[in-house]
Amino acid sequence: MKKEKVILTGDRPTGRLHIGHYVGSLKRRVELQNSGQYDKIFIFIADAQALTDNIENPEKVRQNVIEVALDYLSCGLDPTKSTIFIQSQIPELCELSFYYMDLVSVSRLQRNPTVKTEIQMRNFESSIPVGFFTYPISQAADITAFKATTVPAGEDQEPMLEQAREIVRRFNYIYGETLVEPEILLPTNQVCLRLPGTDGKAKMSKSLGNCIYLSDSADEVEKRVKSMFTDPTHLRVQDPGKLEGNTVFTYLDAFSKPEHFGLYLPEYNNLQELKEHYQRGGLGDMKVKKFLNSVLQEELEPIRNRRKEFEKDIPAVYDMLKTGCEKARETASATLDEVRRAMKINYFDDMDLIAEQAKRFNQ
Ligand code: ATP
Ligand code: MG
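Residues numbered from 1 in each chain as written. Chains lettered and ligands numbered in written order. Predicted model: local features only at pLDDT ≥ 70, side-chain atom pairs only at ≥ 80, totals over all residues. Heavy atoms only, no water.

### Overview of the overall build of the chain
Here is step 1: Within the chain, the regular secondary structure consists of 16 helices and five strands.
Here is step 2: Viewed in the frame of its principal axes, the chain has a C-alpha envelope of about 95 × 45 × 45 Å.
Here is step 3: The buried share of the chain, reckoned over its 363 residues, is 52%.
Here is step 4: Carbon and sulfur atoms form 52% of the exposed surface of the chain, whose accessible area is close to 18,300 Å².
Here is step 5: Distance from the positive charge centre (48 side chains) to the negative charge centre (54 side chains) of the chain: 2 Å. (Helix = DSSP H or I, 4+ residues; strand = E, 2+ residues; numbered from the N terminus. Buried < 20%, exposed > 50% of the residue type's maximum accessible area, 1.4 Å probe, protein only. Areas by Shrake-Rupley, 256 points an atom, 1.4 Å probe, with all protein chains shown as cover. Lys, Arg positive; Asp, Glu negative; His and termini not counted. Charge placed at Lys NZ, Arg CZ, Asp CG, Glu CD.)

### Comments concerning the site of ligand 1
Here is step 1: Near ligand 1 lie 22 residues; those nearest to it are Thr14, Asp156, Lys203, Ser205 and Ser207.
Here is step 2: The separation between an oxygen atom of ligand 1 and a polar side-chain atom of Thr14 is 2.7 Å.
Here is step 3: In this structure, an oxygen atom belonging to ligand 1 sits 2.8 Å away from a side-chain N or O atom of Ser205.
Here is step 4: Taken by itself ligand 1 offers 600 Å² of open surface, and the protein chains cover 97% of this.
Here is step 5: Cavity membership is defined here by more than half of the atoms lying within 2 Å of grid points; on that basis ligand 1 lies in the largest pocket.
Here is step 6: Going through the elements one at a time, strand S1 (6-11) and helix H1 (19-35) are the ones with two or more residues in the shell around ligand 1.
Here is step 7: A total of three residues in the shell around ligand 1 trace back to one element, the largest contributor, which is H1. (Near = heavy atom within 4 Å. Polar contact = N/O pair within 3.5 Å; in protein donor to acceptor, adjacent residues only side chain to side chain. 1 Å grid on protein atoms, 1.4 Å probe; cavity = no way out; pocket = protein on both sides within 12 Å on 5 of 7 lines; lining within 4 Å. Sits in = over half its atoms within 2 Å of the grid points.)

### Quick word on the pairing of strand S3 (residues 83-86)
Here is step 1: Side-chain alternation along S3 places Thr83 and Phe85 on one buried face and Ile84 and Ile86 on a second face that is also buried.
Here is step 2: Bridging between strand S2 (residues 40-45) and S3 involves four bridges; their strand directions are parallel. Counterpart to Phe42 in the pairing with S3 is Thr83. (Pairing = 2+ DSSP bridges.)

### Remarks on the domain arrangement of the chain
Here is step 1: Structurally, the chain comprises domain 1 (6-194 + 314-358) and domain 2 (218-310).
Here is step 2: Summarising the inter-unit geometry, the C-alpha centres of domain 1 and domain 2 are found 35 Å apart.
Here is step 3: Contacts between the two partners involve 17 residues from domain 1 and, on the opposite side, twelve residues from domain 2.
Here is step 4: With both sides pooled, the region where domain 1 packs onto domain 2 buries about 1,300 Å², and carbon together with sulfur makes up 63% of that total.
Here is step 5: Of all residues in domain 1, Ile19, Ser74 and Val191 bury the most surface against domain 2, accounting for 41% of the area lost on that side.
Here is step 6: At the junction of domain 1 and domain 2, the tally comes to three salt bridges. (Domains from an automatic or database assignment. Contact = heavy atoms within 4.5 Å. Buried area = accessible area lost by both parts, 1.4 Å probe. Salt bridge = Lys/Arg side-chain N within 4 Å of Asp/Glu carboxyl O.)

### Points about the environment of Lys322
Here is step 1: As for its position among the elements, Lys322 is in helix H15 (residues 314-342).
Here is step 2: A relative accessible area of 52% places Lys322 in the exposed class.
Here is step 3: In sequence terms Lys322 and Ile84 are 238 residues apart; their C-alpha atoms lie 8.8 Å from each other.

### Here we look at the layout of surface pockets
Empty space left among the atoms is revealed by rolling a probe the size of a water molecule over them.
Here is step 1: Volume-wise, the largest pocket comes out at about 840 Å³.
Here is step 2: What lines the largest pocket is a set of 43 residues, among which His21, Glu118, Asp156, Gln157 and Lys203 lie closest to the centre.
Here is step 3: Looking at the lining of the largest pocket residue by residue, the class counts come to 16 nonpolar, 16 polar and eleven charged. (Points joined across faces, edges and corners; volume = space filled by probe spheres on them. Nonpolar A, V, L, I, M, F, W, Y, C, P; charged D, E, K, R; others polar.)

### Regarding the side chain of Gln33
Here is step 1: Locating Gln33 in the fold gives a position in helix H1.
Here is step 2: Looking at Gln33, the relative accessible area reads 5%, which means it is buried.
Here is step 3: Reaching out from Gln33, the side chain makes a polar contact with the backbone nitrogen of Asp78 at a distance of 2.8 Å.
Here is step 4: Beyond its immediate chain neighbours, meaning those up to four positions away, Gln33 contacts Ile41, Gly76, Leu77, Asp78, Lys81 and Ser82.

### Some details on the nonpolar core
Buried together is how nonpolar side chains tend to be arranged in soluble globular proteins.
Here is step 1: Counting residues in each nonpolar core, the largest one holds 96 residues, and the members touching the most others are Ile19, Tyr100 and Leu274.
Here is step 2: In terms of residue count, H15 provides more of this core than any other element does, nine residues in total.
Here is step 3: For this core, the domains that each give at least three residues are domain 1 (6-194 + 314-358) and domain 2 (218-310).
Here is step 4: With near-sequence residues (within four places) excluded, Tyr100 lies in contact with Ile137, Ala140, Ala141, Thr144, Ile167, Phe171 and Leu179.
Here is step 5: Counting residues in hydrophobic clusters, the runner-up holds six residues, among them Ile119, Phe124, Phe132 and Tyr135. (Core = buried A, V, L, I, M, F, W, Y, C linked by side-chain atoms within 4.5 Å.)

### Focus: the packing of helix H3 (residues 58-75) against helix H14 (residues 285-311)
Here is step 1: Relative orientation of the contacting elements H3 and H14 amounts to 125 degrees, with a least axis distance of 8 Å. Considering the angle they form, H3 stands oblique to H14. Where H3 crosses over H14, the handedness of that crossing is right-handed. Listed contacts from H14 to Glu67, Leu70, Asp71, Leu73, Ser74 and Cys75 of H3 are Ile303, Arg306, Arg307, Phe310 and Glu311.
Here is step 2: Its residues placed into classes, the contact of H3 with H14 shows five nonpolar, one polar and five charged. (Axes fitted to C-alpha atoms, helices over the stretch in contact; angles between N-to-C directions. Parallel < 35°, antiparallel > 145°, perpendicular 65-115°, else oblique. Left-handed = near helix turned anticlockwise from the far one by under 90°.)

Following this line, the structure appears as structure tokens:
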């Protein structure tokens, strides 16, 4: 039988989605969805994972589930082609995580570089919630429950995928070929692997407040672009400017296309010419920012407009999610049946076992 091609990926409902999510994963998902090359596509809102570091703030998670769903629809995820669901509504995922926990050591989890950074970011120090610490295991359950072969995600997810593959290999080695090893699908554009925030410091992240959101109004986008970090030594227009760490140019690397120059900045033929002028001196930040604003508005306006349409019928969005959860549950539950069988904990379906035991005790 030909191996099915299955996509699974998701986002934490800790805020609205931003342009980092868009270039890191979301845009690619829509392209893959429309390519027709995948047999199944599962996209999920990771509310249970969001609760691992927001346990005292369930309202925040609850409010953002619908925000993320609206962001998905407005970017072009189509529920007739992709199953969109909410993680907590699939209890099978908890059961899988519970078994996988026996396949991973504490020291292995402690070595995960993304979790290490995230623990520091959240100032957990010694009071790390166990659920947060073990979220890579839960993520392995999310991926394997759907037998995902492909996970489109940003670079910060690489250690999670490595962990998932280790679990799959160990499970299959002990219990026989059951689970499927997933591959990460990283953005092809280098700067999109980990888009920096508007402050130029860390990656753009909902938790850091350095974002341009997909649902920001045109004015908000313009304001955020105008206050963006550039080159702090580029004080006067005539000064030479640096490109390294200059977030405005990083965003242009991520978003600008050759045709944007003809439309918004005809003095230059391409990004290379603009960069060279900036480095030579004589090009002010404001001019570059104005260009970036035009480029971003062109990409974000259709998304913003579609969102407004979906916002008009919120009950329909919840209905779509409910249907997605039902569909996702069917698949997760079929995988769980296989896992239980492989682990020999399917006592009541195993007629041979019952017959064998009856014989053993009544010889
Ligand atoms: P949180 O701060 O709550 O962790 P987040 O902004 O990091 O939120 P996630 O929901 O953790 O967002 O990430 C969802 C997906 O988006 C993942 O595939 C992740 O790799 C990708 N992603 C998030 N931020 C960026 C970024 N700045 N650049 C590229 N990809 C990103
Ligand atoms: Mg994150």
